[in-house]
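Coordinate inspection notes
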Amino acid sequence: MTKKAHFDRRLFAFLRDLKKNNSREWFTANKPRYEEVALHPARTFISDFGPLLRKVSPHFIADPRPVGGSLFRIHRDVRFSKDKSPYKTFVGIQFRHKQAKSVHTPGFYLHLEPGAVFVGIGIWHPERESLAKVRDAIVADPAAWKRAKGAKSFREHYTLEGDALKRPPKGYDPAHPLIEDLKRKDFIASTRLSEAATTEADFLQRFAGLCKAGAPFVRYLCGAVGVPF
C-alpha cells in the first residue's frame, strides 16, 4: 500500500475554531470545511485501514459509512447533558468487534483532538455482565491476565487507565493480589501521540502497528467476554 497522509493541520485548525464557535449557525456555514478536512479524510482512513485491521484480527470492522459506521457522529447527544454545545470538538473513530451489537466487546479507537491525540484499546464502561466476566477471568487465571498486560509490545506503548472502584467489588476477596485490577470499571489502555504524527504519510501504518502492539490485551478481553479474536 502506497503511503499517504490522510489528515493535515487544517483538521486541528477546524476543531479549534469549532470549539470557539460551537453553534449550529457557525457549523452550517463551515460544513464544507468540515467535510473537506475531517469527514472525507476520516472515511478514507477507515477504508484504507480495513485490510490492515484484518491482519490484526478478522473479527473487527472498518466501516466507512458516514452514519452508523466506524466514524463517530459530529453531533453531540445533549438530551441528558448540562452542556448543550451541539457539536463534538474531536474526531473519534472506533473499530468495533463484529459481535458488538449483541455483547459489550473490546475495540480499537483513534481520537483526534487538538492537544489530545491518542490511540485507545479495550472495553470502556462495560455493562455489568461483561465487567463480571473480565473480573472472573482474572480470578480464574491470574497468570493469563498478567501476560496480557505484561506483554512487551503492550508495555512499550500503552498505559492502563480508566475508572475504578474505591473499594473491592462485592463477591471478590479484598486480599486478592490483583485486587487493584479487580476494582477496575474500565479495562482500557491508551498511547498518546502528537498532532504532527497524524499528518505524516506513514500514520496509517503507525496506527496499524499500535493496534498490533495492543493485540495481546484485546485478545485477552475477547476471551474473557466470550467472543473470538
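Relevant structure appears above.
This one's a predicted model, so the numbers in the text were calculated from it and none came from an experiment.

**Overview of the sheet that holds strand 2 (residues 107-112)**
Here we have 5 strands laid out as an open sheet, ordered 1-2-3-5-4, and antiparallel in their pairing. Each edge of the sheet is formed by a strand with only one pairing partner; in this case those strands are strand 1 (91-95) and strand 4 (159-161). Taking the axes of each pair of neighbouring strands and ignoring which way they run, one obtains an average angle of 25° across the sheet. Bridge count for strand 3 (residues 117-123) against strand 5 (residues 187-193) is 7 bridges, and the pairing is antiparallel. Across the sheet, Ile121 pairs through a bridge with Ala189, a residue of strand 5. Against the sheet, helix 3 (residues 31-56) engages strand 1 and strand 2, with an angle of about 25° to strand 1.

**Some words on unusual backbone geometry**
A positive phi angle, near 50°, is found at His125, a position not held by glycine. On the secondary structure map, His125 appears in the loop between strand 3 and helix 4 (128-140). Residue classification places His125 among the partly exposed positions, given a relative accessible area of 38%.

**A word on the nonpolar core**
If you look at soluble globular proteins, the nonpolar side chains tend to sit buried side by side. Residues Phe45, Phe49, Ile93, Phe95, Phe108 and Phe207 are the most contacted members of the largest nonpolar core, which totals 67 residues. Broken down by element, the residue count for this core peaks at 11 residues, all from helix 3. Those residues in contact with Phe207, other than ones at most four positions away along the chain, are Phe45, Phe49, Phe95, Tyr109, Leu110 and Val119.

**Let's talk about the pairing of strand 3**
Taken across its 7 residues, strand 3 has 7 buried, putting it largely inside the fold. The side-chain alternation of strand 3 yields two buried faces, one formed by Val117, Val119, Ile121 and Ile123 and the other by Phe118, Gly120 and Gly122. Here strand 2 pairs with strand 3 via 5 bridges, running antiparallel. In the sheet register, His111 faces strand 3, and the bridge partner there is Phe118. In textbook terms, the turn of a hairpin is the stretch between consecutive antiparallel strands, and for strand 2 and strand 3 this stretch comprises 4 residues, one of which, Gly115, has a positive phi near 80°.

**Side note on helix 10 (residues 215-225)**
The periodicity of an α-helix, 3.6 residues per turn, causes residues three or four places apart in sequence to face the same way. Taking burial as the measure, the 11 residues of helix 10 include 8 buried ones, the bulk of the element. Taken as a whole, helix 10 has its buried residues at Ala215, Phe217, Val218, Tyr220, Leu221, Cys222, Ala224 and Val225.

**Some remarks on the environment of Ala13**
Mapped onto the fold, Ala13 is located in helix 1 (residues 9-20). The exposure class assigned to Ala13 is partly exposed, which follows from its relative accessible area of 33%. Separated by 61 residues in the primary sequence, Ala13 and Ile74 have C-alpha atoms spaced 16 Å apart.

**Brief notes about the pairing of strand 2**
Among the 6 residues in strand 2, 6 count as buried, and that is most of the element. Here strand 2 shows two buried faces, one formed by Gly107, Tyr109 and His111 and the other by Phe108, Leu110 and Leu112. In this structure, strand 1 lies alongside strand 2, joined through 5 bridges in antiparallel fashion. Counterpart to Phe95 in the pairing with strand 2 is Phe108.

**A few points about the environment of Phe14**
Its location among the elements puts Phe14 in helix 1. Each C-alpha atom of the pair Phe14 and Gln205 lies 25 Å from the other, and the pair is 191 residues apart in sequence. What Phe14 contacts, discounting residues up to four positions off in sequence, is Trp26, Phe27, Asn30, Arg33, Tyr34 and Val37.

**As for the packing of aromatic side chains**
Taken as a whole and assessed by the stated rule, the structure comprises 21 aromatic pairs. For the ring pair Phe60 and Phe229, a centre distance of 6.0 Å and an interplane angle of 65° mean the geometry is edge-to-face. Taken together, the residues span a long stretch of sequence, with Phe60 in the loop between helix 3 and strand 1 and Phe229 in the segment after helix 10 at a distance of 169 residues. The pair formed by Phe60 and Phe229 is uniform in burial state, with each residue classed as buried. Judged by centre distance (6.0 Å) and plane angle (50°), the ring pair of Trp145 and Phe217 falls under tilted. Of this pair, Trp145 sits in helix 5 (residues 142-150) while Phe217 sits in helix 10, and the two are 72 residues apart along the sequence.

What counts, and where the lines are drawn
- Along each chain, numbering runs from 1 in the same order as the chain's sequence is written.
- Totals for whole chains, interfaces and linings use every residue, but because this is a predicted model, local features are given only for residues with pLDDT of at least 70 and side-chain atom pairs only at 80 or more, for both listing and counting.
- For the side-chain quantities, the full set of heavy atoms in the structure was used; hydrogens and water were omitted.
- By this definition, two strands are paired if DSSP reports at least two bridges between them.
- Segments assigned H or I by DSSP are reported as helices when at least four residues long, segments assigned E as strands when at least two residues long, and all are numbered from the N terminus.
- Only C-alpha atoms enter the line fits that serve as axes; for helices the fit covers just the stretch in contact. Angles between N-to-C directions range over 0 to 180 degrees.
- Residue contacts are counted whenever heavy atoms from the two residues lie within 4.5 Å of one another.
- Burial classification: accessible surface area is computed with a 1.4 Å probe over protein chains only, and a residue below 20% of its type maximum counts as buried, one above 50% as exposed, and the rest as partly exposed.
- The nonpolar core is taken to be a set of buried Ala, Val, Leu, Ile, Met, Phe, Trp, Tyr and Cys residues, with the residues joined through side-chain atoms within 4.5 Å.
- The criterion for an aromatic pair is that two Phe, Tyr or Trp rings (for Trp, the six-membered ring) have centres within 6.5 Å, with stacked assigned to planes under 30 degrees apart, edge-to-face to planes over 60 apart and tilted to the rest.

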